Amino acid sequence: MPAFFVAAVGTGVGKTFFTSMCCKQLLKKKIKASAIKPVMSGYTEDKNDHENDIFTLMKAQNMPINEQNVNIVSLYRLQNPISPDIAARKEGVNIDYDKLYKFCADKIVQSTDKYLLIEGVGGIMVPLSESKTTLDLIVDLKIPVILITGTYLGCLNHTLTTIEVLNGRSIEIQAIVVNESKEALTNINEIVCSLMNFTDIPINQLPRLTNIESDWHKIPDLTNIIIENDNEERKAS
């Protein structure tokens, strides 16, 4: 089953927004898709917490919010909204990297869905444990990356640096998604134009919405990022 790792140039740039919207669009096309977030910092059990990434992904997949489904979508959930390795130390949690890898790898092999999106935590170099980073997990899973960036000041440097690091580890980058930042100083088209000068990776734009709940259908088709090389699925959709 095709699987993709949704990574980012940093935290808060829109990984969950992209992942949830992509799932919604795939399901609308009657294409079975699932999404997981193996590690999350800043987790609460409040079902009304609209900032909870795991709940957002579950809603996008039409999954009831309950403990069983939360355990399907995520393995390690930490309360402190900081780097997972630090949050784990503070909370007395041992993030077992081998267990984390197996959680993701088993999903790739065992899922009956057409596509699987694995959403990371923070940027690609965020530490997951005392010796492993998100980058290590991407390398070990051997799946392509969908790289999310923003339009904030510094995004070009962060994006090009991240691309360089991924290339250095021979990781395939399926696409770049430029998600319009809340307080952008530069037009999204200008950011895309600059990135195109330095990479031939396909770049997609994700404009900011006033109301995500009511306007999500206005988002450009993101599914082509995933199914562009799947001729059978392209014909069906």
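To be clear, the structure that these remarks concern was listed above.
Calculation criteria
- Residues numbered from 1 in each chain as written.
- Predicted model: local features only at pLDDT ≥ 70, side-chain atom pairs only at ≥ 80, totals over all residues.
- Heavy atoms only, no water.
- Helix = DSSP H or I, 4+ residues; strand = E, 2+ residues; numbered from the N terminus.
- Polar contact = N/O pair within 3.5 Å; in protein donor to acceptor, adjacent residues only side chain to side chain.
- Contact = heavy atoms within 4.5 Å.
- Buried < 20%, exposed > 50% of the residue type's maximum accessible area, 1.4 Å probe, protein only.
- Pairing = 2+ DSSP bridges.
- Phe/Tyr/Trp six-rings, centres within 6.5 Å; stacked < 30°, edge-to-face > 60°.
- Lys NZ or Arg CZ within 6 Å of the ring centre and 35° of its normal.
- Expected span 1.5 Å × (residues − 1).
- Arc of directions from axis to C-beta.
- Salt bridge = Lys/Arg side-chain N within 4 Å of Asp/Glu carboxyl O.
- Axes fitted to C-alpha atoms, helices over the stretch in contact; angles between N-to-C directions.

### Some thoughts on the side chain of S83
Structurally, S83 can be placed in the loop between β4 (76–78) and α4 (84–91). At 2.5 Å, the side chain of S83 forms a polar contact with the side chain of D85. Setting aside its immediate chain neighbours within four residues, S83 contacts S41, V126 and P127.

### Digging into the pairing of strand β1 (residues 3–8)
The element β1 is extensively covered by neighbouring structure, given that six of its six residues are classed as buried. Along β1, one buried face is formed by A3, F5 and A7 and the opposite face, lined by F4, V6 and A8, is buried too. When β1 meets strand β5 (residues 115–119), the two strands line up parallel, connected through four bridges. Within β5, the position partnered with V6 by the bridge is E119. For β1 and strand β6 (residues 145–149), the ladder comprises four bridges, and the chain directions are parallel.

### Overview of the packing of aromatic side chains
Scanning all chains against the criterion turns up one aromatic pair. When the ring of Y43 is compared with that of F55, the centres are 5.9 Å apart and the planes differ by 70 degrees; the resulting orientation is edge-to-face. Remark: F55 occurs in helix α2 (residues 53–60) and Y43 occurs in the loop between β3 (39–41) and α2; sequence separation between them is 12 residues. Residues Y43 and F55 agree in their burial class; the two are buried. Seen from the ring of Y43, R77 lies directly overhead, with NZ or CZ sitting 5.7 Å from the centre. Lying over the aromatic face of Y97, K132 brings its terminal NZ or CZ to 5.0 Å of the ring centre.

### Notes on helix α7 (residues 155–168)
The first and last C-alpha atoms of α7 sit 20 Å apart over 14 residues, in line with the 20 Å expected at 1.5 Å per residue. Among the residues of α7, C155, T159, T162, I163 and L166 are the ones counted as buried. Projection of α7 onto a plane perpendicular to its axis shows the buried side chains occupying an angular sector of 100 degrees, all on one side. Opposite its buried face, α7 presents the exposed residues N157, E164 and G168, each directed more than 90 degrees away. The first or second residue beyond α7 is S170, which carries a positive phi of 55 degrees.

### Quick word on the pattern of salt bridges
For the structure on display, the rule yields six salt bridges. E119 serves as the salt-bridge partner of K37, at 2.7 Å between the closest nitrogen and oxygen. In this pair, K37 is assigned in the loop between β2 (33–36) and β3 and E119 in strand β5, connecting sequence segments 82 residues apart. For the pair shown, K37 and E119 are each scored as buried. The salt bridge involving R89 is made with D85; its shortest N-O contact spans 3.8 Å. Taken together, the positions of R89 and D85, both in helix α4 and four residues apart, correspond to about one turn of that helix. A relative accessible area of 52% places R89 in the exposed class.

### A closer look at the sheet that holds β6
Pairing within the open sheet is parallel, and its six strands lie in the order β2-β5-β1-β6-β7-β8. At either end of the open sheet lies a strand with only one pairing partner, and these are β2 and β8 (203–206). Strand after strand, the sheet turns through a mean of 25 degrees between neighbouring axes, direction not considered. Sitting on the sheet, helix α5 (residues 97–110) is in contact with β1, β2 and β5, with an inclination near 165 degrees to β5.

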